[in-house]
Every structure is written in C-alpha cells, then in structure tokens.
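Here is what each chain is made of, one letter per residue.
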Amino acid sequence: MSITTAHDRVNSFVANPRRMFIGGQWTAAVSGKTFATPDPSTGETLAYVAEGDEADIDRAVQAARTAFEQGPWSRMTASDRGRLIWKIGDLILENAEELAQLETRDNGKPYAVALAADVPLAADLFHYMAGWATKIEGNTIDISVPYMPGANFHSYTLREPVGVVGQIIPWNFPLLMAAWKLGPALATGNCVILKPAEQTPLSALRLAELIAEAGFPDGVVNVVPGYGETAGARLAAHPGVDKVAFTGSTEVGRLIVQAAAGNLKKVSLELGGKSPNIVFEDAEPEAVAGAANAIFFNHGQCCVAGSRLFVHHSRFDEVVEGVAEIAKSIKLGPGMDADTQMGPLVSEEQLTRVTGYLDSGRTEGATTVVGGNRHGDRGYFVEPTVITNARNDMKIVREEIFGPVVVAEPFSDLDEIAAQANDTEYGLGAGIWTKDISKAHALAKKIRAGTVWINCYNVFDAALPFGGYKQSGWGREMGHEVLNNYTEVKAVTTQL
Ligand code: NDP
C-alpha cells in the first residue's frame, strides 16, 4: 500500500464517528453519546468515537458469554483457531502503513517509529501466539493416594480457557497493547471485551475490522471504547467477566483489584515503573546513546522507561553531557512530518502532569541540565529533559513521570548501586552497561525487576516474558508465561 493510499484510508476512517464492535456488529453507544479523540500535535479533534458505558459493557459481556458457551469458537479445532490468529498478523502487515498512520495521528508518535516498531511487533505477537493455540497441554500425573492402598488411578490435567475476559489498555502503544492482550487470550480459547484508552481508541477499532475480516465468529472479540471511570470500571467489576487483564497506572491497578473482588475474577496487571539504567566505568561509548534511547523512546511514555540513570562517578560528567547533547539534537514535531524524531505527548492532561513534575523538580532544588519546559504553544510537546542533583525523596525520583525526563545520579560501587536501583516501589525493568559480563550477571540477579537488559535497552519480543515485580504488576505478558494468565487447570482422576 502506498503512503498516499494509506493517508486516504485514514482520512475516510476518521471522517465519520466510529462505532463500537459488539457481537460481530458495528453499533452506536446505547446512550447515543460520542467523544472526541484529539490529534495531540495540534489539540484539534481527529475523530469522534462512540462512548461506551455500563450498558454497552453489559451488551458486550453478554455477546462474549454467548460466543464462549454456544458459538462455534469453543468447538473449533486448535489448529483452526491458530490459523485465524495467524491471519490477524497477516492482515496487520498488509495494512501496515494505514495502521501506522492511524497510530501516529491518534497517539502522536513518529510515523517511522509506528511503522518500524508498533505495527510489526503487533503482527509478530499474533503470529507467535497463533503457534501456541495447538500447544496448550496438560500433564499425566502418577498419583500415590496413601489412604487408598492398592488402588490404581489415571490422572491428568487439562488446560482450559478462563472464559470471558475483560481487557483494559493504555494509550502509549495502543495497537501493540491490544495485540499483547488479545493474542494470548484468543490462543487459549477465551472470548474478549477490549476497552482501549479514551485518548487512542482508533487503531483498536481498525484492528476489530481486521479481526472480522479474518473470519472470527461473532462475539469472540468485542471492542468497546469509552472512559475508564464508566466502561472500564464496569468491565473490571462485572459479575459475568471471569478475568480482567489491565495495563496502566499503578493507581488504577489498585482500583481494578478492588473492583475484581466482587466475583473474585482472576486479575493480571502490567503497571508503572521507575526503572534504573546503570552505566559502569567500563561501559562502551554506546551506553550514552543507549541511555538516551532508554528514556526518550516513545517520548518517555513507556512503562519501562529508563528514567533513573545511574552513572559511575568516573564517567558521570561525560555520560550526562552526552545524553544532554542527544536531548538537544532531537527534532520535535508532528509525528507525520518526515524529519520528526519525537512527537507530542498524548494529551493535554499528560502535558500538564509532566510539566508539573518539571516544576516540582526545579522548586525542590534539582538542576535542569537541558530541556525542562513545554515546547511551543500548540500541541502537547515537552522538551527532552536531563536533570541532576536530585535527592532521593523528590517526587521526580520516586514517581513515574511518563515523559521524556531522566534524572541522573552518580554511584561508586556494585553493592551501593544494587541498593539504589532497588530503592523504589516499582520493579519493571533495568539496564546495565558494562564490558564485565560477570559483574553484569551478578547485578542482574540482585535487581528486583521483571526485565534486565545488559548492554541494550527496550528490546522486546513476543517470545520474551514481560512484567513486573513489586508494585509493577501481577503476572507476565508474552512468551509462554502469559498463557498461564488465560487458562484454568483442571485435574481429572479415574480409578482403574
Ligand atoms: P490509567 O491507568 O488511568 O489508564 C489506563 C487504562 O485504564 C485506560 O484505558 C483508562 O481508561 C482505564 N481506566 C482508568 N480508570 C479506570 C477505572 N477506574 N477502572 C477501570 N479502568 C480504568 O492511565 P492514564 O491514562 O490516566 O495515565 C496516567 C498515568 O498512568 C501516566 O502518567 C503514567 O504514569 C501511568 N501510565 C502507565 C502506563 C503503563 O504502561 N505502565 C500506561 C499508561 C499510563 P481511559 O483512559 O480510557 O479513561
């Protein structure tokens, strides 16, 4: 598809209010309401979208329940299910330019990044999970039963779908987060209600069209855009939902857990982070670009952003200056401009939040080496920012900023850095830069986080489990680990 054809398709996609996808039908909200999703590079409305609320979630849960219990989905062979999931991956690649443009215009990220990373990673996730559909296995277990001497048994386990799954996703990687959630839920035979973030509902709605085109039975995937406080909260609390999977802030993660308590639905959470990125005295020069990428990729709107940069004191000035030089050189602009390297933040709310952190850092006495302000007066741009001389009790050190803001601190030895790295309520990711591979592995073991990158950062793959220790979440996304989130284990015993 040429870039112009994709552009025309996106224009026609956003020209009319987008409906929600329930039970295989495109439908308006029961309330008839719509909400606007803005273009973050201008603040102007990009599209109107049906505003799902409690009544729409109820309809979607009903459709998913019917599909799960009565539809052809549960009778489909694992091989056919896998083929359908594979087809989603193919259709994503066939429509890559269009999806990348939609993502860029709704979320703000550079088109080249959406096309090179978000879209192919989403396709790859479906292709990877398609293979798992035929590999969901139980075990045969040799049991002893001491209180029944002489008896013989045949025992085995079945891995079965959890049932109806509610999935709530954020706005930082809208298509990719939809893929991370849908892929494993479908591979294990569940039916899903997906609620995209209010800021970025468009690519999930386009994905639903591709899922319909792939030939999924009605009701297996339902996409209900709307607000967290209404649609999201109903989905998390709904008594007809067997499991909720959430990605977003730790604060809302807690609300999800409370809401899920009503029917004790299963919960998996992928939450915030304040990830340490550690540069040792013997690190290769590439560590400087690596540290910049760790924080500035996706404008710092990454749960795993390397927002706490620890540099050995012998290299501190050099590395901080290097990262600051990169920050200064980054070209900010609308994501659709070919020379843009960093787009706007996703929303006005996010702009206010991030600039609020920048103000608080200044007020509390930290030093802004570069950046520190909003960029321009149109759209939601923030300058890539490097901060030093921060104290450990400052908000900018302790809280997830979710913007292009890194706080750099010097350190002296291995034991000190392990303690500093772990001095956070989060435990999502960490980076280590050193030529000494023994030191790297020794430190990797000490770090309380779900992902550790050595001499690299932001390396993701459908086969690698991803998730958090401590308050960064429950359970893992991707890899075969994620299949546990979406299956129940049944033990079956026969006396022979
Ligand atoms: P949220 O955690 O509020 O949003 C994530 C998703 O949860 C969205 O779909 C949202 O809906 C939904 N949601 C919000 N409230 C509820 C609720 N009560 N019940 C059920 N679902 C709900 O993140 P924000 O967008 O508000 O961002 C705030 C901060 O969260 C960021 O600054 C960042 O620090 C962090 N964050 C972390 C992410 C991560 O991956 N770790 C991702 C996004 C944000 P909707 O937005 O549509 O109203």
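Everything numeric in this text was worked out from a predicted model, so none of it was measured. (Residues numbered from 1 in each chain as written. Predicted model: local features only at pLDDT ≥ 70, side-chain atom pairs only at ≥ 80, totals over all residues. Heavy atoms only, no water.)

**Student:** An account of the pairing of strand β16 (residues 405-411) is requested, with residue identities and associated values reported.
**Tutor:** Most of β16 is tucked away: six of the seven residues are buried. Inspection of the sheet shows strand β15 (residues 385-388) paired to β16 by three bridges, in the parallel sense. Following the sheet pairing, Ile 387 is matched in β16 by Val 407. (Buried < 20%, exposed > 50% of the residue type's maximum accessible area, 1.4 Å probe, protein only. Helix = DSSP H or I, 4+ residues; strand = E, 2+ residues; numbered from the N terminus. Pairing = 2+ DSSP bridges.)

**Student:** Tell me about the packing of helix α1 (residues 3-15) against helix α7 (residues 202-214), and please be specific about residues and values.
**Tutor:** Axis separation between α1 and α7 bottoms out at 12 Å; the angle between their running directions is 100°. The angle between the axes of α1 and α7 places the two elements in the roughly perpendicular class. Between α1, through Arg 9, Phe 13 and Val 14, and α7, the contact on the second element is made entirely by Leu 202, Leu 205, Arg 206 and Glu 209. Among the residues forming the contact of α1 with α7, the class breakdown is four nonpolar, no polar and three charged. (Axes fitted to C-alpha atoms, helices over the stretch in contact; angles between N-to-C directions. Parallel < 35°, antiparallel > 145°, perpendicular 65-115°, else oblique. Contact = heavy atoms within 4.5 Å. Nonpolar A, V, L, I, M, F, W, Y, C, P; charged D, E, K, R; others polar.)

**Student:** Mind laying out the packing of helix α10 (residues 286-296) against helix α11 (residues 316-329), listing which residues take part and the relevant values?
**Tutor:** The N-to-C vectors of α10 and α11 enclose an angle of 55°; their axes lie 9 Å apart at closest approach. Judged on the interaxial angle alone, α11 and α10 are oblique. The hand of the α10/α11 crossing is right-handed. Residue-level inspection shows Val 288, Ala 289, Ala 291, Ala 292 and Phe 296 of α10 in contact with α11, the latter providing Val 319, Gly 322, Val 323, Ile 326 and Ala 327. A breakdown of the residues in the contact of α10 with α11 according to their chemical character gives nine nonpolar, one polar and no charged. (Left-handed = near helix turned anticlockwise from the far one by under 90°.)

**Student:** Tell me about unusual backbone geometry, residues and numbers included.
**Tutor:** Working note: non-glycine residues mostly have negative phi, and peptide bonds are mostly trans. Backbone geometry at Asn 298 places phi at a positive 60°, although glycine is not the residue there. Taking relative accessible area as the criterion, Asn 298 reaches 3% and is therefore assigned buried.

**Student:** So what's going on with the nonpolar core? Residues and values would help.
**Tutor:** Residues Ile 92, Leu 186 and Phe 216 are the most contacted members of the largest nonpolar core, which totals 125 residues. When residues no more than four places from it in sequence are discounted, the contact partners of Ile 92 are Leu 99, Val 119, Ala 122, Ala 123, Phe 126, Leu 207 and Leu 210. (Core = buried A, V, L, I, M, F, W, Y, C linked by side-chain atoms within 4.5 Å.)

**Student:** Before we move on, can you summarise helix α6 (residues 174-187) with the specific residues and values?
**Tutor:** For α6, built from 14 residues, the straight-helix expectation of 20 Å at 1.5 Å per residue is met to within 8% by its first-to-last C-alpha distance of 20 Å. Within α6, 14 of the 14 residues are buried, which leaves the element mostly enclosed by the surrounding structure. Two residues or fewer after α6 comes Gly 189, characterised by a positive phi angle close to 90°. (Expected span 1.5 Å × (residues − 1).)

**Student:** Now, about the pairing of strand β7 (residues 164-168): what can you tell me, with residues and values included?
**Tutor:** For β7, the tally of buried residues reaches five of five residues, placing the bulk of the element in the interior. Residues Val 164, Gly 166 and Ile 168 point to one face of β7 and Val 165 and Gln 167 to the other, with burial holding for every one of them. Sheet topology places β7 next to strand β8 (residues 191-195); five bridges connect them, and they run parallel. In the strand pairing of β8, Val 165 is matched with Val 192.

**Student:** Break down the sheet that holds strand β20 (residues 487-495) for me, with residues and values.
**Tutor:** With antiparallel pairing, the three strands of this open sheet are ordered in space as β5-β6-β20. A strand with exactly one partner marks an edge of an open sheet, and here the two such strands are β5 (140-141) and β20. In this structure, strand β6 (residues 153-161) lies alongside β20, joined through nine bridges in antiparallel fashion. Residue pairing for β20: Tyr 156 is matched across the bridge by Val 492.

Function-wise, these values are silent; they only describe arrangement.
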